[in-house]
Amino acid sequence: MRVLIAEDHALLRDGLERLMRDHGHEVVAAVGDADDAVRRGTALAPDLALLDVRLPPSFTDEGIQAALRLRRVRPGQPVLILSQYVERTYARELLADGHGAVGYLLKDRVDEPGAFVAMCEEVARGGTALDPTAIAQILAQRRPTGSKVDTLTPRELDVMTAMSEGRSNEGIAEQLVITVGSVEKHIAAILSKLELDPSRGANRRVQAVLAFLESGHGEDGAQR
């Protein structure tokens, strides 16, 4: 996996570089600001762009803006956003832009290096790694009544919860102690009940997770 890192803190940037290299991945660039991240990302076409939310000059949401700019130039560019706090500006647009291959994690929830690298690899493959607490806050709004999520069975909600945590089908099967085939059947049923357009391919998984979290089911087990 070829990784671009955008992090303004030199020590953390160096730590992320070492972590990726220790797990056999190539760091094609490690930069400290958003403009450089977009330039290098456009030129190098990394398998994953790993960006901090707060980058110079204003240290607000430059990382998310850089991710959006990259994905406009390279639709589907896998990006994983790391944030110390939940940032709502632009985040919803990033998560729902129609291409998938997105991660959004709070830094203090990334407490195991191997698991973090596995999340990066999942996003690089086109999957998702969404921190349920962060995304629920990003999507916070008046909850709709009669959500299609309410039609899911308890087991389908279990599968949906695991999906919202960025787990692969194999990871869901291991967590719920069921077969991968059963997971695939549950996911097919979920996508059907949520009436997600089959033409959108793998991104239906992202849209399903967004619908799940927006309904309130993903907030620390609420409504389960």
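Read on for a plain summary of the structure. (Residues numbered from 1 in each chain as written. Predicted model: local features only at pLDDT ≥ 70, side-chain atom pairs only at ≥ 80, totals over all residues. Heavy atoms only, no water.)

1. A word on the overall build of the protein
So, point 1. Within the protein, the secondary structure is distributed over 10 helices and 6 strands.
So, point 2. Counting all 224 residues of the protein, 48% fall into the buried class.
So, point 3. Across the protein, every contact between residues at least 6 apart in sequence was considered, and the portion connecting residues at least 24 apart equals 67%.
So, point 4. About 10,300 Å² of surface is accessible on the protein, with carbon and sulfur atoms providing 48% of the total. (Helix = DSSP H or I, 4+ residues; strand = E, 2+ residues; numbered from the N terminus. Buried < 20%, exposed > 50% of the residue type's maximum accessible area, 1.4 Å probe, protein only. Contact = heavy atoms within 4.5 Å. Areas by Shrake-Rupley, 256 points an atom, 1.4 Å probe, with all protein chains shown as cover.)

2. Focus on the pairing of strand β1 (residues 2-6)
So, point 1. Counting buried residues along β1, 4 of its 5 residues qualify, which places the element largely inside the surrounding structure.
So, point 2. Strand direction decides the pairing type here: β1 and strand β2 (residues 26-31), joined by 5 bridges, are parallel. Across the sheet, the residue bridging to R2 is E26, located in β2.
So, point 3. What joins β1 to β2 is helix α1 (residues 10-22), and the crossover it makes is right-handed.
So, point 4. Bridge count between β1 and strand β3 (residues 48-52): 4 bridges; the pairing is parallel. Bridging across to β3, A6 finds its partner in L51. (Pairing = 2+ DSSP bridges. Right-handed = clockwise from strand over helix to strand, strands pointing away.)

3. Considering the nonpolar core
So, point 1. Counting 48 residues, the largest nonpolar core has L51, I81, L94, M160 and M163 as the members making the most contacts within it.
So, point 2. Looking at this core element by element, the count peaks at 6 residues for helix α10 (residues 203-214).
So, point 3. If sequence neighbours within four positions are ignored, M160 has contacts with L152, I190, A208, V209 and F212.
So, point 4. Residues L16, L50, V123 and A129 belong to the second largest nonpolar core, which totals 16 residues. (Core = buried A, V, L, I, M, F, W, Y, C linked by side-chain atoms within 4.5 Å.)

4. Overview of the environment of A45
So, point 1. Looking at where A45 falls in the secondary structure, it is placed in the loop between α2 (34-44) and β3.
So, point 2. On the basis of relative accessible area, A45 is assigned to the partly exposed category, the value being 29%.
So, point 3. Residues A45 and Q77, spaced 32 residues apart in sequence, show a C-alpha to C-alpha distance of 8.0 Å.
So, point 4. Excluding anything up to four places from it in sequence, A45 contacts R2, R40 and R74.

That's the geometry; what it means functionally is another story.
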